[in-house]
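One-letter residues, chain by chain:
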Amino acid sequence: MEIQHSDNGKEGSFFIKIDGQRDAEMTYYYKDKNTIDIDHTEISKSLQGEGIGYELIEAAVRFMRNKNLKAVTSCSYAKEIFEKKQAEYQDVII
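Engineer: Any chance you could break down unusual backbone geometry for me, citing the residues and the numbers?
Structural biologist: A positive phi is found at Asp 19, a non-glycine position, where the angle reads about 55°. Mapped onto the elements, Asp 19 comes out in the loop between strand E2 (11-18) and strand E3 (21-32). Owing to a relative accessible area of 78%, Asp 19 belongs among the exposed residues under this scheme. In this model, Asn 68 sits at a positive phi of 55°, which is unusual for a non-glycine residue. Relative to the elements of secondary structure, Asn 68 occurs in the loop between helix H1 (52-67) and strand E5 (70-73).

Engineer: With reference to specific residues and values, describe helix H2 (residues 76-84).
Structural biologist: Listing the buried residues of H2 in full gives Ala 78, Ile 81 and Phe 82. Seen end-on, H2 carries its buried residues on one side only, within an arc spanning 100°. Facing away from the buried side of H2 by over 90 degrees, the exposed positions are Ser 76, Glu 83 and Lys 84. Considering only its buried residues, H2 is in contact with strand E4 (35-43), H1, E5 and helix H3 (86-89).

Engineer: An account of the sheet that holds E5 is requested, with residue identities and associated values reported.
Structural biologist: Spatially, the five strands line up as an open sheet ordered E1-E2-E3-E4-E5, and their pairing is mixed. Across the chains shown, the open sheet's two edge strands, defined by having one partner strand only, are strand E1 (4-7) and E5. Strand-to-strand twist of the sheet, defined as the mean angle between neighbouring strand axes without regard to direction, takes the value 25°. Judged from the eight bridges that link them, E3 and E4 form a sheet pairing that is antiparallel.

Engineer: Before we move on, can you summarise the pairing of E1 with the specific residues and values?
Structural biologist: Two elements, E1 and E2, share four bridges in a ladder whose sense is antiparallel. In the strand pairing of E2, Gln 4 is matched with Phe 15. In sequence, E1 turns back onto E2 through a hairpin of three residues, with Gly 9 there showing a positive phi of about 90°.

What counts and what doesn't
- Residues numbered from 1 in each chain as written.
- Predicted model: local features only at pLDDT ≥ 70, side-chain atom pairs only at ≥ 80, totals over all residues.
- Heavy atoms only, no water.
- Helix = DSSP H or I, 4+ residues; strand = E, 2+ residues; numbered from the N terminus.
- Buried < 20%, exposed > 50% of the residue type's maximum accessible area, 1.4 Å probe, protein only.
- Arc of directions from axis to C-beta.
- Contact = heavy atoms within 4.5 Å.
- Pairing = 2+ DSSP bridges.
- Axes fitted to C-alpha atoms, helices over the stretch in contact; angles between N-to-C directions.

Quick look at the structure:
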């Protein structure tokens, strides 16, 4: 499964499409030019328990590091993962 990325400069998402449907998605929007807010994560029941949420977070972290962005998390799932991996992600967390 390939994680795809969409970003229009105001908001974006990391997602996995299966048979034309987004079966996993994490969305964000830009709070300002240096900060994104990860605001939603949703994984279809068929993919739950396979670590897809972690993979979406990892894709977002690579994106943020590449673009020199920081993140806040209004999504409870993303917030939980960032807290668990605080030492690893400290460079992208506000």
